[in-house]
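Read off the chains here:
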Amino acid sequence: MTMGFEYSAIRRAVYEPAPDQDLVVACYDTLPFPEQFAAGVVDLLNRGREGREPIRTAPTHQLNALLQALASDVSVMRRGQDRGVLRGHNWLYHPSGRPNPLPEHVLGRLLDYWISGLCPAEEDESHARELLEKLRVAPPRWAPVDVPLLRTWVGDGGTAAPNNLQYLLVADHFARRIQELPPYRHKTRELRFRAIGRGPRQQGAELMSQPLHEDIDGRTWWFSVIINVTLHTVPFDPLPKIHLHTGIRRWATHTDPDTGLLRLGYGRDSSIYLRPTVPWLPNAPVSERYGVARVTWDNATKQHQWKRGGPARLLSRVAGTRKFPDVDDLLRDPVPWLVGKDKLEALVVHSTGMGKHGVGVGLMSHQRSQIIEWAEQALFPELRRVPDLVRSLVPADAPANVRRAVPKDRRAEAEEQVALRLRSSLGALCAHRSEGGERVFEARLLWQSHGVREAAIAALTAALSLTGDGGAQRGDERAHELSKPGSPVVLTWETPELTVRLRCLRLGDGLGGSLNVDAKSRTRRADRQSAIALRRRALEKLLTDDGASVALPSLALVEIPRRGSFVYQGNDPKFAMRLGCADAGVFTQFIVDRGAKRAHRARASWMDGLRQTGAVTVPMPDIPSGIPPETQFLAIWMASTQRDSPASPRRKLPVAVLVRPDIVAGEERVLGWDPEAFHGIGGWTSYPRLLTRLPALARIEPEELADDPLTQWVPWSEHHRDLEQQRGVVEGFLQKLLQSSEVVNRPTVLLAHAQNARQQWTWLQDGNARRDLIRTGLAPAAAVRDNLRLVRVRTGEQRETGSWWATGHPDGINGLSAGLWAQDDTAPEDSRVFYSTAAKAASAGGAAVAADKLAPRPMRTGKNKGQLTIDTDVPGWNPSLVEFAVLGCHPGRGDDPEAIAMALHQLRQAPDHLDALRLPLPLHLAQNAQEYVLPVAVPNDEEEDVEQAEAEAAPGVIVED
């Protein structure tokens, strides 16, 4: 291996229309939704909704799920209107010339059973029959249509604007082309990819290889390789972009010895991928694609069943069709179904709730590049790969105070210097916040086990390099056991920079344990709400009795049980305890007893807590020119206040954090915006004060804390109304924020995260953004104010920033490289889009860039160099490509967009953190505020590719339009 090599370019799996290829047209057979039939369905459903919001459009999500599973060759589009305007496309699309899996008579039968399932009441049967009779008289008809794939409208800002149809059909078109390639051959393995049926809310297209297996530690584990194809846009670029991504999907095959069945995650659905070799529907062709259905827990039967309203339930009522497999049969012996039992492949997705899987997630850079280079053959000649990115020309790529590696013999000295800086920073902050200027830092340790208590005390002394045991009867076990509010065990350390006091309180009376809600109770949701309220009040009383005050926020390290100790996850007390502590003015870090890892966990928890106090070492951007001196960085984050759907636009709380790198020690370098300060005018406060204020600002209603995500659909009118209201709230928040004197009077870079904020602040959307303009309300867009710059940050969520690898290594290995990347000299002048990558994380040391999950490879380094190894069990790790789009700045007055982007790249390199942050520090701190607002629903982790963390959203409110 060549040592000391630095990559000079990175390549992205991103493609755009080649010159003179934007006129590519695909021919489809298409079918409109029978809207006259839908109107009758709406009238029928509204018969029993007196006094509630009326339904304005027929809820077709169950029908679309049925089509996705049974007729996976058909592309399903969202139907009806978009904000009162017809969408301009039909409902179903199928490539002309291919066997149609939904002949009109078959589709009619599915519609028949769908409407009868929507209206189970006997009094509605006659009305449903009348509707169906009208449908038989005038059924929808398939008709041919030509769809231009690559030519898009270009918005006023110079950005490509594909229509909704293109987002689905372009990805589907090229996925079909990849499926038609000869198999991918890698040494002794041959991969055959098949597409997966997609619904109208699923992004792009996906292909999946046949199930593969590997023997690891004496057990056989199964997995597949996946390829995703998606369509995206880039600000100020007139050409649409097609992205390819790869990943690993792991299959559940090992049953629980206690039950003899696969252990599915409690309270969540599990996806099953299905591919029959004989058709589901009579007189329909066999599909080459996988369909998807879901299994859920049925409280009535106390066992897993095919999801109610899903394809299995609907199909069971259609005479003459083949049946779905029995769920218990599938969960009891899943391996035969992987290879095709009873002429059907049925693959159960593994999720982390099922336990450990022998196959590591993700693919590393070199193997990923090989698979993508094979797949991209199907994209030419209509598409071309975008040019490689080159290193930024800004000379410094790290902040002035970057954390640098030190030799092993100097490590103790370096750690002592870090502790000294932390004590000094903490002491100056405490003096600034106290009335008498005392340099006293007081924190609490709420403990439950002796091991965690001792580990936490030792970790604090190590983090701050404190000498002595703190005195105050530390060794007196009886004193610790009898500690109570107002009479804790107080440990004290004196240093020239700071006095540290740790108040140790035993969490008794079950305050740190389960919420004790009966998971089988019919009133479980109400019981949990009551339990949360009781625990919250109890924690607030405990801390206020011990002297905590909202006037001077303080830190507590709190021991809680492991999440895995709760069979019913709704009994996890963590969020209720966080709310109760915040009510008392205490911000929190939690720790669980991890045995041998407790020392490491305790230190990490204290360090996170000390950062929350504001004693954070802010990266000092080292930019020679192109950005004003004394620039500060303002980040906004839309914290979710609605449990049932993290992606829902309703109930979002905007959070703002201001980071001021050049403020002198002792003053607040990190501020938070309190919109209710100064009688509703709004004002800046300390970051810890903001954290403890957030529960009150969010005003979470008890029902929002329900553990079961809602799964009913929401009328489009209600969803749209709430979204418009939320946008008004955010616009008012922004206007007050940007008018504050702290922002108006200093050079400020305003940061927002694209995927997080663009629904509420629509100016961030590619189709709306205009170069060097800004809009925060109903008024027309205006030039960004003199002291303001606007940058939109976009990460790999939803596969929006492209898969990537570094090229040019003498050994031919495509690897990873950290830096800020820009377009080369052939790019247009005044480029505004740049990309940031991070170095490999310390925890990913075992992930070699040449790792091979499919076949043995010779080891390239180390004492076993040359020996064969296979990396199927090793997790792949790939840093996300983070995009900085400088939407607004002042080039005429010396601003350099690349210099602004480099400052943000440097802000990812926080000296207090071992590894680079995923987001620049201001956004990172703003995002962390979510913990004090609401524990958003845990994503369904069936797609566990570490490369992009591309997990499906948890089941939530479905907005039907």
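Quick look at the structure, then.

Quick notes on the rules
- Residues numbered from 1 in each chain as written.
- Predicted model: local features only at pLDDT ≥ 70, side-chain atom pairs only at ≥ 80, totals over all residues.
- Heavy atoms only, no water.
- Helix = DSSP H or I, 4+ residues; strand = E, 2+ residues; numbered from the N terminus.
- Buried < 20%, exposed > 50% of the residue type's maximum accessible area, 1.4 Å probe, protein only.
- Contact = heavy atoms within 4.5 Å.
- Core = buried A, V, L, I, M, F, W, Y, C linked by side-chain atoms within 4.5 Å.
- Patch = residues over 30% accessible without salt bridge, like charges linked within 9 Å, V, L, I, M, F, W, Y side chains within 5 Å.
- Areas by Shrake-Rupley, 256 points an atom, 1.4 Å probe, with all protein chains shown as cover.
- Salt bridge = Lys/Arg side-chain N within 4 Å of Asp/Glu carboxyl O.
- Lys, Arg positive; Asp, Glu negative; His and termini not counted.
- Charge placed at Lys NZ, Arg CZ, Asp CG, Glu CD.
- Pairing = 2+ DSSP bridges.
- Axes fitted to C-alpha atoms, helices over the stretch in contact; angles between N-to-C directions.
- Phe/Tyr/Trp six-rings, centres within 6.5 Å; stacked < 30°, edge-to-face > 60°.
- Lys NZ or Arg CZ within 6 Å of the ring centre and 35° of its normal.
- Parallel < 35°, antiparallel > 145°, perpendicular 65-115°, else oblique.
- Left-handed = near helix turned anticlockwise from the far one by under 90°.
- Nonpolar A, V, L, I, M, F, W, Y, C, P; charged D, E, K, R; others polar.
- Polar contact = N/O pair within 3.5 Å; in protein donor to acceptor, adjacent residues only side chain to side chain.

### Quick word on the overall build of the protein chain
Then step 1. Helix and strand content of the protein chain: 22 helices and 44 strands.
Then step 2. Counting all 961 residues of the protein chain, 57% fall into the buried class.
Then step 3. Partitioning the contacts of the protein chain with sequence separation of at least 6, the portion at a separation of at least 24 is 73%.

### Considerations on the nonpolar core
Then step 1. Counting 85 residues, the largest nonpolar core has Phe441, Leu502, Trp606 and Leu694 as its most contacted members.
Then step 2. Membership of the second largest hydrophobic core comes to 52 residues, among which are Val74, Leu107, Trp114 and Phe324.

### What to know about a positive patch on the surface
Then step 1. A cluster of like positive charges, contributed by Arg562, Arg594, Lys597 and Arg601, occupies part of the molecular surface.
Then step 2. For Lys597, the position within the fold is in the loop between β28 (586–591) and α15 (598–612).
Then step 3. Judged by relative accessible area, Lys597 falls into the exposed class, the value being 52%.

### With respect to the sheet that holds strand β24 (residues 440–447)
Then step 1. Pairing is mixed across the open sheet formed by five strands, whose spatial order is β25-β26-β24-β27-β28. Two strands bound the open sheet, and with one partner strand each, they are β25 (489–494) and β28. Strand-to-strand twist of the sheet, defined as the mean angle between neighbouring strand axes without regard to direction, takes the value 20 degrees.

### So, the packing of aromatic side chains
Then step 1. In the structure shown here, the tally under the stated rule is six aromatic pairs.
Then step 2. Aromatic ring contacts, followed pair by pair, group Tyr184, Phe193 and Trp374 into a single cluster.
Then step 3. The aromatic ring of Tyr835 is capped on one face by Arg12, whose charged end is 4.9 Å from the ring centroid.
Then step 4. In this structure, Arg578 packs its charged tip against the face of Tyr932, placed 4.9 Å from the ring centre.

### Some remarks on the pairing of β24
Then step 1. Most of β24 is tucked away: six of the eight residues are buried.
Then step 2. Of the strand pairs in this sheet, β24 and strand β26 (residues 499–506) are connected by eight bridges, and their pairing is parallel. Each bridged residue has a counterpart across the sheet, and for Glu442 the counterpart in β26 is Arg501.
Then step 3. Bridge count for β24 against strand β27 (residues 554–559) is four bridges, and the pairing is parallel. Residue pairing for β27: Leu445 is matched across the bridge by Leu557.

### Description of the environment of Ile226
Then step 1. Within the element layout of this structure, Ile226 appears in strand β16 (residues 219–232).
Then step 2. Ile226 gets classed as buried once you look at its relative accessible area, which sits at 4%.
Then step 3. Through-space distance from the C-alpha of Ile226 to that of Ile371 is 10.0 Å; in sequence the pair is 145 residues apart.
Then step 4. Setting aside residues no more than four positions away along its own chain, Ile226 makes contact with Glu206, Leu207, Met208, His245, Thr246, Gly247, Ile248 and Arg249.

### Details of the pairing of strand β1 (residues 9–12)
The side chains of a regular strand alternate between both faces of the sheet.
Then step 1. The pairing of β1 with strand β38 (residues 804–807) spans four bridges and is antiparallel. Counted as the bridge partner of Ile10 is Ala806 from β38.
Then step 2. Bridge count for β1 against strand β23 (residues 389–391) is two bridges, and the pairing is antiparallel. Within β23, the position partnered with Ile10 by the bridge is Leu389.

### Quick word on unusual backbone geometry
Then step 1. Following Phe380, the chain continues into Pro381 via a peptide bond in cis, with omega recorded as 5 degrees.
Then step 2. When you line up the elements, Pro381 lands in the loop between α9 (365–375) and β22 (383–385).
Then step 3. The backbone of Phe236 sits at a positive phi, close to 70 degrees, despite the residue not being glycine.
Then step 4. Assignment of secondary structure puts Phe236 in the loop between β16 and β17 (241–251).
Then step 5. A positive phi angle, close to 55 degrees, is found at Phe678, a residue other than glycine.
Then step 6. Its place among the elements puts Phe678 in helix α16 (residues 677–680).
Then step 7. Note on Phe678: relative accessible area 59%, which makes it exposed.

### A closer look at the packing of helix α11 (residues 450–463) against α15
Axis angle and axis distance: for two packed helices, these are the angle between their axes and the distance between the axes, and together they describe the pair.
Then step 1. Contact geometry of α11 with α15 gives a least axis separation of 8 Å together with a crossing angle of 55 degrees. What the angle tells us is that α11 and α15 run oblique. Pair α11 / α15 crosses with right-handed handedness. Mapping the contact onto sequence places Gly451, Val452, Ala455, Ala456, Ala459, Leu460, Ala462 and Ala463 in α11 and Arg598, Ala599, Ala602, Arg603, Trp606 and Met607 in α15.
Then step 2. Class assignment of the residues belonging to the contact of α11 with α15 gives a composition of eleven nonpolar, one polar and two charged.

### A closer look at the packing of helix α1 (residues 35–45) against helix α4 (residues 125–137)
Then step 1. For the pair α1 and α4, interaxial distance at closest approach is 10 Å and the crossing angle is 175 degrees. Overall, the two elements α1 and α4 adopt an arrangement that is roughly antiparallel. Together, Phe37, Gly40, Val41 and Leu44 of α1 and His127, Ala128, Leu131, Leu132 and Leu135 of α4 make up the contact between the two elements.
Then step 2. For the contact of α1 with α4, the residue count by class is seven nonpolar, two polar and no charged.

### Some points on the sheet that holds strand β20 (residues 303–306)
Then step 1. In spatial order, the strands read β20-β19-β18-β21; together these four strands make up an open sheet with antiparallel pairing. For this open sheet the edge positions go to β20 and β21 (344–348), each flanked by a neighbour on one side alone. Neighbour to neighbour, the strand axes of the sheet diverge by 30 degrees on average, direction disregarded.
Then step 2. The pairing of strand β19 (residues 291–298) with β20 spans four bridges and is antiparallel. The partner of Trp297 across the bridge, within β20, is His304.

### Section: the side chain of Ser287
Then step 1. Looking at where Ser287 falls in the secondary structure, it is placed in the loop between β18 (270–276) and β19.
Then step 2. A distance of 3.0 Å separates polar atoms of two side chains, one belonging to Ser287 and the other to Ser72.
Then step 3. Looking at Ser287, its side chain comes within polar contact range of the side chain of Asp73, at 3.0 Å.
Then step 4. Once you skip the residues sitting within four places of it in the chain, Ser287 turns out to touch Ser72, Asp73, Arg275 and Pro276.

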